[in-house]
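Okay, here's what each chain looks like letter by letter:
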Amino acid sequence: MKGSHVFLFSTMCWSMLANGNKLFHFGPCRISMSMNEIRAGFAAIKDNIQGRDPIRTVSILSHPHSLHKIKSSEKCCIIHHLFNFYVDKVFKYCTTEDSYVNRKISSIANSFLSIKRNLAHCHNQNMCKCGQESTEKFKQILTNYRGLNVTSAAMKSLGELDILLDWMEKSR
């Protein structure tokens with residue numbers, strides 16, 4: 001019986017990787033996602049979204065050390081908060097007059113929603129430990145976001161998506 005579980009797990013992992021999914025480790029939480037699909041969608045609209053950002057002196061995610069040097073044990077917590085943040089506060093306020101851009105935003109949002117559900121499972125199983133460090137860093141991100149009007153903050157956050165994606169890849 002034990003061998004069949006190993007075979008099933010190996011087959012499942014191979015299937016995910018064959019579909020272009022990568023397995024990400026955020027502390028004890030393991031999440032499969034198609035980073036290439038998210039990056040391709042973002043790359044297609046990055047210049048358009050960033051061109052809409054009139055405030056270049058403020059950042060939501062790259063405030064000094066917002067995502068840097070987070071303990072491995074707290075990565076699950078911060079990523080859980082960040083995916084909730086993007087689904088609940090960013091994507092729903094990002095609309096443009098360009099239907100192509102809106103479709104790309106919607107596609108990225110759907111990917112985030114799926115990943116958010118998987119992260120919620122880890123969080124609900126008490127696998128994500130939220131310590132002071134991750135709590136403080138996420139509070140700083142929210143403070144940066146709330147410092148702008150909702151639409152500007154949402155567009156800026158979307159324009160900084162590559163910061164989050166790069167951090168996730170490094171944390172893998």
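Details of the structure are given in the entry above.
Within any chain, residue numbers begin from 1 and follow the written order of that chain's sequence. Totals for whole chains, interfaces and linings use every residue, but because this is a predicted model, local features are given only for residues with pLDDT of at least 70 and side-chain atom pairs only at 80 or more, for both listing and counting. Hydrogens and waters are ignored; side-chain quantities use all the structure's heavy atoms.

(A) A look at the overall build of the protein. Where helices and strands are cited, they refer to DSSP runs of H or I of at least four residues and of E of at least two residues respectively, numbered from the N terminus. Within the protein, the secondary structure is distributed over 7 helices and 2 strands. In sequence order, the protein lays out its α and β elements as α-β-β-α-α-α-α-α-α. Counting all 172 residues of the protein, 42% fall into the buried class. Any two residues whose heavy atoms approach within 4.5 Å at even a single point are treated as in contact. Pairs at least 24 apart in sequence give 81% of the contacts found in the protein among residues at least 6 apart. Exposure classes here rest on a 1.4 Å probe applied to the protein chains alone. A residue is buried below 20% of its type maximum, exposed above 50%, and partly exposed in between.

(B) Just the pairing of strand β2 (residues 29–33), in detail. A large share of β2 lies buried, amounting to 4 of its 5 residues. Both strand β1 (residues 22–26) and β2 contribute to a ladder of 5 bridges, which runs antiparallel. The residue of β2 that forms the bridge with Phe26 is Cys29. A pair of strands is considered paired only if DSSP assigns at least 2 bridges between the two. Counting the residues between successive antiparallel strands, the hairpin from β1 to β2 contains 2 residues, one of them, Gly27, with a positive phi of roughly 60°.

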